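What the coordinates show
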Amino acid sequence: MSRVYQLAPSILSADFNRLGEQIQRVEKAECRWLHIDIMDGMFVPSISFGMPVVKSIRKESSLYFDVHMMVKDPERYVEEFQSCGADMITVHAEACRDLAETVKKIHETGADAGVAVNPDTPLSAVTDVMDQVEMILIMSVYPGFGGQKYIPESTERIRTLRRMLDEKGLEHVHIQVDGGTADLIAVVKLAGGKVTRDIHDHIDLLLMKHLKRLRFSLLARPVHLRTRNAILRQETVRTSRSE
């Protein structure tokens, strides 16, 4: 099965004084996803931002909003984040009281659902929901701290997860890899795809001119992850910019 590799730049390292401008640059670089890290100071030590920021940038962007909730008991907030414009809501298996119920609640809001696992969490933690989510996020660094190096053991975890999904007939479930930008190309190669010139150009462009930190998503048929609301919103944003 051929796969499409999609870079999802994170706004966490953006210059928030120029956030709108930098997001537009990401759009011009033809990225489709925007990774939005939500940190509560409890599940992880750091605090980032919340619903008001997501709602504000949603008004001006047609990108697919990939909201990564590093939040304790995230089921408390999924409805609010979806209403603010999240297309994908990814929660941590370690942070949920009932992971299956949280995934169900995300889908009930109309958003796509993802589940993240920390480097020291066994993949068995997500086995029961593999057939219920659109994406599984492998943390290749520990969440909550920037500037970490890619954890080498993550490579085998990615291979193992892909094999587990394929054996269950879940080839459509996507794998996202978060952390260790320097090893991004190696991750692309191990995932079975070709490192095309477009991928190289996007990496260079984003590193030099736009956001300092990147998130990488391994996506098969990414258009299937675009909710109806996301497609309609893209048309609305295009229309408003042309007026």
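Quick note: structure is the one above.
First, a word on what this report is: a plain description of the structure on this page. (Residues numbered from 1 in each chain as written. Predicted model: local features only at pLDDT ≥ 70, side-chain atom pairs only at ≥ 80, totals over all residues. Heavy atoms only, no water.)

With that settled, consider the nonpolar core. Residues I36 and I89 are the most contacted members of the largest nonpolar core, which totals 49 residues. Sort the elements by how many residues they give to this core and helix α5 (residues 154–167) lands first, with four residues. For I89, the contacting residues outside a window of four places in its chain are V67, M69, V78, F81, Q82, I106, A111, D112, A113 and G114. Of all hydrophobic cores here, the second largest spans five residues; its members include A8, W33, Y64 and M135. (Core = buried A, V, L, I, M, F, W, Y, C linked by side-chain atoms within 4.5 Å. Buried < 20%, exposed > 50% of the residue type's maximum accessible area, 1.4 Å probe, protein only. Helix = DSSP H or I, 4+ residues; strand = E, 2+ residues; numbered from the N terminus. Contact = heavy atoms within 4.5 Å.)

On to the side chain of R162. Relative to the helices and strands, R162 is located in helix α5. In terms of polar contacts, R162 uses its side chain to reach the backbone carbonyl oxygen of V173, at 3.1 Å. (Polar contact = N/O pair within 3.5 Å; in protein donor to acceptor, adjacent residues only side chain to side chain.)

Here we take up the pairing of strand β6 (residues 135–139). With five of its five residues buried, β6 lies for the most part within the structure. Side-chain alternation along β6 places M135, L137 and M139 on one buried face and I136 and I138 on a second face that is also buried. In this structure, strand β5 (residues 112–117) lies alongside β6, joined through four bridges in parallel fashion. Across the sheet, V115 pairs through a bridge with I136, a residue of β6. Of the strand pairs in this sheet, β6 and strand β7 (residues 174–178) are connected by five bridges, and their pairing is parallel. Across the sheet, I136 pairs through a bridge with I175, a residue of β7. (Pairing = 2+ DSSP bridges.)

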